[in-house]
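# Descriptive analysis of the structure
Okay, here's what each chain looks like letter by letter:
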Amino acid sequence: MAFTGCAHLLLTMSILLLLCHRRTRAFPLPSPSASSSAASPSPPPVPALPRGLPRLIPVWTSLPVNPFTAKAAFIRYWNRKVSSNRPHPAFLFAKLSPLSAPDAATFSNLASAGKLASRIHDFCDAASLLCPSTPAASWSASSTSMDGAAGVASSGGGSGAASAAPFKDYENGNFSSYGNSGGGGSDQFAIYSSGKSGPVDSFKRYGKGSLGRNDSFANYEEGANVGTSTFNSYTTGATGGAGEFAGYAGQTNTVAVAFATYDSVGNGRTHEFTAYSQDANSGVQSFTGYGKTANGAGESFETYGNNSNTVASGFINYGEKSNGFNDTFTSYGLVGNAPENTFRSYASGSNAGVDQFKAYRDEANVGDDSFMSYANNANGAAADFDSYGKSTNPGSVAFKGYGQGSNPNHRIGFKHYAGENTTFKAYSNEGVEFKEYQNMSKMEVSKAAAAAPGRRLPAWSPEPGKFFRERDLMMGNRMPMPDIADKMPRRAFLPRDIATKIPFEENAVSALFGAPPGTAMRQVVASTVAECARPPSPGETKRCTTSAEDMLDFAVEMLGSNIAVRSTESTAGSGRDVRLGKITGIAGGSVTRSVSCHQSLFPYLVYYCHSVPRVRLYEADILDVDSNRKINHGVAICHLETSDWSPNHGAFVALGGKPGQIEVCHWIFEGDMAWTLVD
């Protein structure tokens, strides 16, 4: 009986293994670092059995994926849906959910019951997701001595928090009631939350009522991913002192910064924003009630948001009811891409405020500005717009209710002002002077200026080699390779069983993952959901896939079951010149169909997939320029139909031509992929 029981157990395990691995190629998956084109390792040969007997696979011949995990479930799904007998694509399978069988069952049950939020942090860790961070410590220090503050700091959870000044290599801090009252003191925040994914930093009731306290933020949240900073009631009622934001949120990917009642009710305190959000990629910054009822405050915004991509700033009730509030916007939004700035009730009810806009949004690419009820009910306000709005490609500016109120004793001057679709509506009839006002349609702004010798291209400009022509795909050709590295934080797919139980809606996803309004994560979620809801372009079929199964279904629906998926093998050669080796046309180089899938920023992996009807695809060996040694294997796609593309598309900026006139080729970047029929 014991022998029979063992045989039965062995037979049961063998059947489970056969269900998981219909074909022998489905044995252990390669590591994530494996080549995208590498085949899965083959299992040891299993001796043939006489016909009619069950084929038992001994458990010691291989240790495949646990058949009850989400990863194993997708392997079985792939084997059923895909008829082409090709190796499993390692780069795709590396993105599958790492959830263990017990965790997958537990979190699926919680999702079904609507209770997944109760264990969201455990879920994020186990499923390899991007979830908002929680500040590591809450610091309260009313003592003005740095020794006292250091004692509190030592209890914090941030790295490098041994002393209060300076704060270096520190991350995820929550400063509550810190440095309040008394006189003196100086804090320096250097290399704060640098290069982190999802940093959350909060400064609340910081320096309240302090005297002559100085603070400096240098390299703050630099190179971060989805960073959120909140400055609430910062230095309220402070007298004297100075603050500096230098190198703040530079080269970040989606940042949300909120300054609320910052420097309010203060006296003679100055702040300087230098190199703020430089080279940043998307984000929202808000200044609400900043400097409210302050006296003699001075703010300087210099090189703010320059070379940034789609960064929006909102100044609402900024300097409200303040006295002698001086602001200077110098080199603001220079060479930015689609900046959006909203000034609403800015300096309203203020007295003797002075604002200067100099070199504002110059050489930017489109963008939108709105000045509503700016300096309304102010007394003795002065504003100078000097060299404002000289965008390379015109955007829009709206002035409504500008300078209106019961105290018309103001002076507003527009000098060298240029703008397209600009509206001046219901502004004050007194004290507003237009001098050398120019409409963009009547002036020339050189697009070549950005590429002048000795001047770097803006960060949003097409990188050399990002787009090229089909004729460039020639063996032996030397060409620049753009930076194709995946800049997004590492995440995994959710199992379909869990993904389908999370409504793909901004409010539902934000509530689950703890992304309240005003945070970078909320902005990320809203942006991706909105893009997925956008109607397809003419001739396009699109779908946002929230699981690997969804992506596979869409590819099969568009192309059939005899398919393959490809991506460029690695990032080798990125950012430098390379030479092309052997080039092979997929489908024999004929015009074919493809499904392209692009990674979206979201708490879990979401791909924007769309059908591309008329393309040619190529595989190319990428060689080192000097040694001619193969360093990479690239996949390039050439779009033959560009008639519906925007005339402002980066491809036409880089290559010239107009929509429908030329084909446009580009490499498949790391993290993205192209599905095609098998040759």
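These lines cover the structure that appears in this document, whether it is placed above or below. All of these numbers come straight from a predicted model, not from anything done at the bench. (Residues numbered from 1 in each chain as written. Predicted model: local features only at pLDDT ≥ 70, side-chain atom pairs only at ≥ 80, totals over all residues. Heavy atoms only, no water.)

### What about the pairing of strand E7 (residues 225-232)?
To keep things clear, this is the line we draw: Between buried and exposed lies partly exposed: a residue is buried under 20% and exposed over 50% of the maximum accessible area for its type, with that area taken using a 1.4 Å probe on protein chains only. Each helix is a run of H or I in the DSSP string that is no shorter than four residues. Each strand is a run of E no shorter than two, and both are numbered from the N terminus. Any two strands with at least two DSSP bridges between them are considered paired.
Of all 8 residues that make up E7, 6 are buried, and the element is covered over most of its length. One ladder, built from 5 bridges, connects strand E5 (residues 200-206) with E7; its direction is parallel. Bridge pairing in E7 links Phe203 to Phe231. Summarising the sheet, E7 and strand E9 (residues 253-260) pair through 7 bridges and their orientation is parallel. Within E9, the residue paired with Asn232 across the bridge is Ala260.

### Re the state of the cysteines
Our working definition: The term disulfide is used for any two cysteine sulfur atoms that are within 2.5 Å.
One pass over the structure, following the stated rule, counts 4 disulfides. In this model, Cys124 is linked to Cys131 through a disulfide, with the two sulfur atoms separated by 1.6 Å. In this structure, the disulfide formed by Cys124 and Cys131 twists by about -70° around the S-S bond and is classed as left-handed. The exposure class assigned to Cys131 is buried, which follows from its relative accessible area of 14%. Cysteines bonded in the protein are numbered consecutively along the chain; their disulfide partners then correspond to 1-2, 3-4, 5-6, 7-8.

### Considering the nonpolar core
Side chains of a nonpolar character, in soluble globular proteins, are inclined to be buried together. Selection criterion: Here, the term nonpolar core denotes a set of buried Ala, Val, Leu, Ile, Met, Phe, Trp, Tyr and Cys residues that are joined through side-chain atoms within 4.5 Å. By the convention used here, residues are in contact when the closest approach between their heavy atoms is within 4.5 Å.
With 49 residues, the main nonpolar core has Phe203, Phe231 and Phe259 as its most contacted residues. In terms of residue count, the dominant contributor to this core is E9 (3 residues). Residue contacts for Phe259: discarding those within four places in its chain leaves Phe231, Phe245, Phe273, Tyr276, Ser286, Phe287, Thr288 and Tyr290. Core analysis: the next-biggest nonpolar cluster, separate from the first, contains 35 residues, Ala111, Ile120, Cys124 and Tyr604 among them.

### Here we look at the packing of aromatic side chains
Each aromatic ring pair is described using two quantities: the centre-to-centre distance and the angle formed by the ring planes. Our working rule: Stacked, edge-to-face and tilted labels apply to pairs of Phe, Tyr and Trp rings (six-membered ring for Trp) whose centres lie within 6.5 Å, assigned for plane angles under 30 degrees, over 60, and everything in between, in that order.
By the definition in use, this model includes 44 aromatic pairs. Judged by centre distance (5.5 Å) and plane angle (80°), the ring pair of Trp78 and Phe93 falls under edge-to-face. Of the two residues, Trp78 is situated in helix H2 (residues 70-81) and Phe93 in helix H3 (residues 90-93); the sequence distance between them amounts to 15 residues. Just as Trp78 is buried, Phe93 falls in that class too.

### Structural notes on helix H9 (residues 520-533)
Going by this rule: Expected helix span is given by 1.5 Å per residue-to-residue step, counting one fewer step than there are residues.
A rise of 1.5 Å per residue sets the reference length of H9, with its 14 residues, at 20 Å; its end C-alpha atoms lie 20 Å apart and thus fit the reference within 8%. Along H9, the positions that sit buried rather than exposed are Ala520, Met521, Arg522, Val524, Val525, Thr528, Val529 and Cys532. Among the structural elements, E7, E9, helix H8 (506-513), strand E25 (542-545), strand E28 (592-600) and strand E29 (606-623) are those in contact with the buried residues of H9.

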